[in-house]
Amino acid sequence: MLEFLSLPFMQRALIAGILVGFLASYYGVFVVQRGLGFLGSGLAHAAFGGVALGILLDQEPLLTAVPFTILVAIGITYVKNKTNLAGDTTIGIFFSISMALGIIFIFMKRQYSSDAFNYLFGSILAVSITDVIAPAILIFITILFSPFWKRWAYSSFDRELAQADRVPVQFDDYILSVLIAVTIVVSIKVVGIVLIAAFLVIPPAASRLINKSFSKMTTFSIVFGITTAIVGLWISYYLDVPSGATIILLQALLFFIVMSVKKVFR
């Protein structure tokens, strides 16, 4: 453990993992409660389009992926609210467009880039200072939006009643979509585009199994997310395996343990 903590790149990865664990688990409870698991996958693949654009332009991929993914998130929310299409249909449309653009951008680069691989599958070695600062800034923004939490929780449980109670539900949809989009972008270096959607879903799902209160569900989800991120990074370092996949498998193990324990006590 001392060797693990003495390496600068592992220190950065550990801090980034803790921050990402908090963000993904915090916003994940809204994703799970609203049945938006596919949104995480759609925005993750939208982030691939933004990352590919950054690689093509020789820019920091994070700087292009953030606005690109935000635009996709706003587009998904707008089309979903303005049409009678189901949410998963709308997400599927933008999902496909973003992936197609990403593939074209990578093809236009016409040379191998390790950045694309790192963003797709996550890499401890690739975590930079930027990957620590970005989620830290987002946590600060999340704190600023903390007064909205009760409103978001209310509409997550009963959208129609919240609308009847004059809660600006559609406006909140845009805010949540943008914050989830940015969370996904700042998380992909640690977890990877392929697996970040699972990070948004598994810790909140495990927490939901044992909590009826939304506040407790949020707290337990954050604890699960941070703990599995720390332990997963440590295991991946010593086994020399991809960090993102290790974290997700650990979260899946935790989910099935929680499910089994609950069944036994029931």
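Scroll up a little and you will see the structure.
So, here's what we can say about the structure. Just so you know, these numbers come straight off a predicted model, no measurement behind them. (Residues numbered from 1 in each chain as written. Predicted model: local features only at pLDDT ≥ 70, side-chain atom pairs only at ≥ 80, totals over all residues. Heavy atoms only, no water.)

Here the focus is the environment of Asp165. If you trace the backbone, Asp165 turns up in the loop between helix 9 (159-164) and helix 10 (169-191). As for Asp165 and Ser155, which are separated by ten residues in sequence, their C-alpha atoms are 10.0 Å apart. Polar side-chain contacts of Asp165 include one of 3.3 Å to the side chain of Tyr154. (Helix = DSSP H or I, 4+ residues; strand = E, 2+ residues; numbered from the N terminus. Polar contact = N/O pair within 3.5 Å; in protein donor to acceptor, adjacent residues only side chain to side chain.)

Summed over all chains, the structure comprises three salt bridges. Among the ionic contacts, a cluster of salt bridges with common partners joins Arg34, Arg159 and Asp173. (Salt bridge = Lys/Arg side-chain N within 4 Å of Asp/Glu carboxyl O.)

Our focus in this paragraph is the packing of aromatic side chains. Tallying each qualifying case throughout the model produces 14 aromatic pairs. Seen from their ring centres, Phe30 and Trp152 are 5.7 Å apart, and the 90° between their planes marks the pair as edge-to-face. Here Phe30, found in helix 2 (residues 8-33), pairs with Trp152, found in helix 8 (residues 149-157); they are 122 residues apart in sequence, far enough to count as distant. Exposure class is identical for Phe30 and Trp152. Each is buried. Relative to Phe256, the ring of Phe255 lies with its centre 5.4 Å away and its plane at 80°, an arrangement referred to as edge-to-face. (Phe/Tyr/Trp six-rings, centres within 6.5 Å; stacked < 30°, edge-to-face > 60°. Buried < 20%, exposed > 50% of the residue type's maximum accessible area, 1.4 Å probe, protein only.)

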